[in-house]
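Report on the structure
What follows is the residue order along each chain.
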Amino acid sequence: MRLIAYIDAGTGSMLVSAILGGAAGLMVFLKSAGRRLLHRDKVTASPES
Amino acid sequence: MTASFDRGSFRDPASRVQIDGSRVIRILSERGLADWETVRASKLFASDRVIGSTETTVDGSPALEHPRIRFWSYPYEWSFTMLRQAALLQLELLEEALTEDLTIKDATPYNIQFQGTRPIFVDIGSFRPLEPGEPWLAYRQFCQMFLYPLLVNSYADVPFQPLLRSSLDGISPAMARTMLSGHRRRPGVLTDVGLQARADRSVKSRDMRTELSQAGFKKELIVHNVRRLRKIVLKTEWDPDRSTWSDYAHCDHVATQRSAKETFIRQVAGERRRNLIWDLGANDGHFSIAAADHADLVVAMDGDALVIDRLFRRLSESGPGNVLPLVVDLSSPSPAWGWRGAERTRLEDRGRPDLIFLLAVVHHLVIAANIPLTEVIDWLAWLGGEVVFEWVPPTDPMARKLAVNKKDWEIHPDYREEVCRTEIDRRFTVAREQPLEGRILFHLIPKG
């Protein structure tokens, strides 16, 4: 189950504002996504409570 | 006079506004003071687009003093062009702030007020230094509070005022997407509406500020975004051919009575200077403008958003600059609401008028809105000012038009001239009355 109330709506909006910052913004978004992929194994998910 | 905190300013931990008689004081926290010390040299504060600030102290605490706004208004009382002007001011100030490595930490129209037709940014506490790699944190708020209301009004002809009056956070991306589903090709819809609505559903919470900063986010990206949004806002427009009341001034009965009413209004208004006049049911603002020379401010209210928008545009072009047009449904004026029912102040508590015009309105309140005549006169007396009141009898052709689908027993029985006079006599002294083609103009002075 996804707990909607625990999701910060600002996260998605910050991402969108970066993407809409033009070509450079798109690069920042891709770089950010790439870093997340590279570090995915190191991230330990914490249970939502 | 005892100082009291403004009930709408508590959300910002860095500063809080206190009202002390005619003084408006912003008490700064340690953080707020640090921000102010960094931003106070900015060129922005020398501009008349931002409210003036004088440094002071209150009980040893650092504070700023601002000039008092004569009459506060809220975005759900603004017309389309007013909200559009406010959005452009917000973007303009942000872009200028960024050139000095400053930012505006929020993006809400509640931080903007109109002095007549001129928008002015009033929340000095919103300016702070931009941190390196920091994204535009208020982008979402700008969309919900400015952009989406403008888009739904402009593209889908959905009035934004009831939406902003029912939600302090404005219109959500999901709601905007639904309302704009038939307008996907219009500027801003796929990007600022669609992308955000999708991101709301699919992006999990994470420390995006740090992530974007590490990925090389720069302020130029915010500038690009701000310029892009400015273009979208400039492309929005709303000017339908007509509305219920947009042609009212051209009706025969209005044209024939207008001159006599204007003479009456000019005589009453010219008796002495007033601080605040309310023109209720102002329509094209003819009487507001006629009285403007004799008041610090005239607030011209009408429930029809189009007539108020046209009035705003006309006043912006040719003045006078001391008339503030507002979209207000008199049968349901803006209430107090928000946190503990007090974050936003009811219309009547934002400044009582010393003169009120209620011309050709009473029959609409009684017949169309089913408000008893006694209530109307009681409300006028409670407001406390003098009143120019036009009595429109039930036999008046326009009153009969309103009642065409009502049985006699469906109209409040107090809607009679003798009741009107009795109720007026209980609360007012009649300074003057003048018959007008079956109607009566009264100049009323409150008793006591």
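Model, not experiment: these values are computed from the prediction.

Conventions and cut-offs
Residues numbered from 1 in each chain as written. Chains lettered and ligands numbered in written order. Predicted model: local features only at pLDDT ≥ 70, side-chain atom pairs only at ≥ 80, totals over all residues. Heavy atoms only, no water. Helix = DSSP H or I, 4+ residues; strand = E, 2+ residues; numbered from the N terminus. Rg over C-alpha atoms; globule rule 2.2 N^0.38 Å. Buried < 20%, exposed > 50% of the residue type's maximum accessible area, 1.4 Å probe, protein only. Contact = heavy atoms within 4.5 Å. Patch = residues over 30% accessible without salt bridge, like charges linked within 9 Å, V, L, I, M, F, W, Y side chains within 5 Å. Areas by Shrake-Rupley, 256 points an atom, 1.4 Å probe, with all protein chains shown as cover. Salt bridge = Lys/Arg side-chain N within 4 Å of Asp/Glu carboxyl O. Axes fitted to C-alpha atoms, helices over the stretch in contact; angles between N-to-C directions. Parallel < 35°, antiparallel > 145°, perpendicular 65-115°, else oblique. Nonpolar A, V, L, I, M, F, W, Y, C, P; charged D, E, K, R; others polar. Pairing = 2+ DSSP bridges. Expected span 1.5 Å × (residues − 1). pLDDT = per-residue confidence, 0-100. Core = buried A, V, L, I, M, F, W, Y, C linked by side-chain atoms within 4.5 Å. Phe/Tyr/Trp six-rings, centres within 6.5 Å; stacked < 30°, edge-to-face > 60°. Lys NZ or Arg CZ within 6 Å of the ring centre and 35° of its normal. Right-handed = clockwise from strand over helix to strand, strands pointing away. Buried area = accessible area lost by both parts, 1.4 Å probe. Polar contact = N/O pair within 3.5 Å; in protein donor to acceptor, adjacent residues only side chain to side chain.

When its secondary structure is counted, chain B shows 15 helices and 16 strands. A compact globule built from 448 residues should have a C-alpha radius of gyration of about 22 Å, and chain B, at 24 Å, falls within 12% of that. The principal-axis extents of the C-alpha atoms in chain B amount to approximately 75 × 55 × 40 Å. Expressed as a percentage of the 448 residues in chain B, the buried residues total 54%. Considering only contacts in chain B between residues 6 or more positions apart, those separated by 24 or more positions represent 70%.

Before going further, it helps to spend a moment on a nonpolar patch on the surface. Residues and elements named next belong to chain A. Where nonpolar side chains cluster on the molecular surface, the patch consists of Leu-26, Met-27 and Leu-30 and spans about 300 Å² of accessible area. For Leu-26, the position within the fold is in helix α2 (residues 23-38). The class of Leu-26 is partly exposed, set by a relative accessible area of 40%.

Looking now at the packing of helix α2 (residues 80-99) of chain B against helix α11 (residues 305-318) of chain B. Residues and elements named next belong to chain B. The N-to-C vectors of α2 and α11 enclose an angle of 55 degrees; their axes lie 7 Å apart at closest approach. Judged on the interaxial angle alone, α11 and α2 are oblique. The residues of α11 that touch α2, namely those facing Phe-80, Thr-81, Met-82 and Gln-85, are Asp-309, Phe-312 and Arg-313. Per-class residue counts for the contact of α2 with α11 are 3 nonpolar, 2 polar and 2 charged.

Okay, the side chain of Thr-236 of chain B next. Its place among the elements puts Thr-236 of chain B in the loop between α8 (219-235) and α9 (252-269). Excluding residues that lie within four positions of it along the chain, Thr-236 of chain B makes contacts with Phe-80, Arg-84, Leu-150, Leu-151 and Ser-154 of chain B.

Note on sheets: strands pair through backbone hydrogen bonds, and any given pair is parallel or antiparallel. Residues and elements named next belong to chain B. With antiparallel pairing, 5 strands are arranged side by side in an open sheet as β1-β2-β3-β5-β4. One side of each edge strand has no neighbouring strand; the edge strands of this open sheet are β1 (4-5) and β4 (54-58). Running at roughly 105 degrees to strand β3 (residues 23-28), helix α1 (residues 30-39) makes contact with β3, β4 and β5 (61-66) of the sheet.

Residues and elements named next belong to chain B. Strand order across the open sheet formed by 7 strands is β12-β11-β10-β13-β14-β16-β15, with mixed pairing between neighbours. Taken across any chain shown, the strands that pair with only one partner, and hence form the sheet edges, are β12 (323-327) and β15 (428-436). Across the sheet, the axes of successive neighbouring strands diverge by a mean angle of 15 degrees, strand direction being ignored. Bridging between strand β10 (residues 274-280) and strand β11 (residues 295-302) involves 6 bridges; their strand directions are parallel. Opposite Arg-274, over in β11, you have Ala-295 as the bridge partner.

With 20 residues, α2 of chain B ought to run about 28 Å at 1.5 Å a step, and its terminal C-alpha atoms sit 29 Å apart, in line with that. At the C-terminal side of α2 of chain B, Asp-101 of chain B shows a positive phi close to 60 degrees.

Turning next to the confidence of the model for chain A. Residues and elements named next belong to chain A. Confidence in the prediction of chain A, expressed as mean pLDDT, is 68, and 59% of residues score 70 or more. Note that pLDDT drops below 50 for residues 1-5; the model gives that stretch 6 contacts with residues more than four away or on any other chain. Within the model, pLDDT remains below 50 along residues 43-49, and this stretch shows 2 contacts once partners closer than five positions in the same chain are excluded.

This part is about the nonpolar core. Core analysis: the biggest nonpolar cluster contains 146 residues, and Trp-136, Phe-142 and Phe-389 of chain B have the highest contact counts within it. In contact with Phe-142 of chain B, other than residues within four places in its own chain, are Ala-87, Gln-90, Leu-91, Ala-107, Trp-136, Leu-147, Leu-229 and Val-233 of chain B.

All names here are of chain B. Scanning the entire structure with this criterion turns up 15 aromatic pairs over all chains. Ring centres of Tyr-74 and Tyr-76 lie 5.6 Å apart, and the angle between their planes is 40 degrees; this geometry places the pair in the tilted category. Seen in terms of ring centroids, Phe-121 and Phe-127 are 5.3 Å apart; in terms of plane orientation they differ by 65 degrees. Their pairing is edge-to-face. Judged on exposure class, the residue Phe-121 and its partner Phe-127 are both buried. Site record: aromatic cluster; members linked through ring pairs are Trp-36, Phe-45, Phe-121 and Phe-127. Above the face of the Phe-5 ring, Arg-16 is positioned so that its terminal group lies 4.4 Å from the ring centre. The ring centre of Tyr-110 lies 3.8 Å from the NZ or CZ of Arg-344, which sits over that ring.

The next subject is the pairing of β11 of chain B. Residues and elements named next belong to chain B. Counted residue by residue, β11 has 7 buried out of 8 residues, so it is predominantly covered. Read from β10 through helix α10 (residues 286-291) to β11, the crossover connection turns out right-handed. Pairing between β11 and β12: 5 bridges, direction parallel. The residue bridging Met-301 from the neighbouring strand is Leu-326, located in β12.

A separate point is the interface of chain B and chain A. Between chain B and chain A, the residue contacts involve 29 residues of the former and 23 residues of the latter. Together, the buried faces of chain B and chain A total about 2300 Å²; carbon and sulfur atoms form 65% of this surface. The tally of links from chain B across to chain A stands at 0 salt bridges. At the boundary of chain B with chain A, the tally comes to 5 residue pairs in polar contact (both at pLDDT 80 or more). Counting residues per element, the ones that place at least two in the side of chain B that touches chain A are α3 (139-156), α6 (189-202), α7 (208-214) and α8 of chain B. If you tally residues by element for the side of chain B that touches chain A, the top one is α6 of chain B, at 8 residues. For the side of chain B that touches chain A, the per-class residue count stands at 12 nonpolar, 8 polar and 9 charged.

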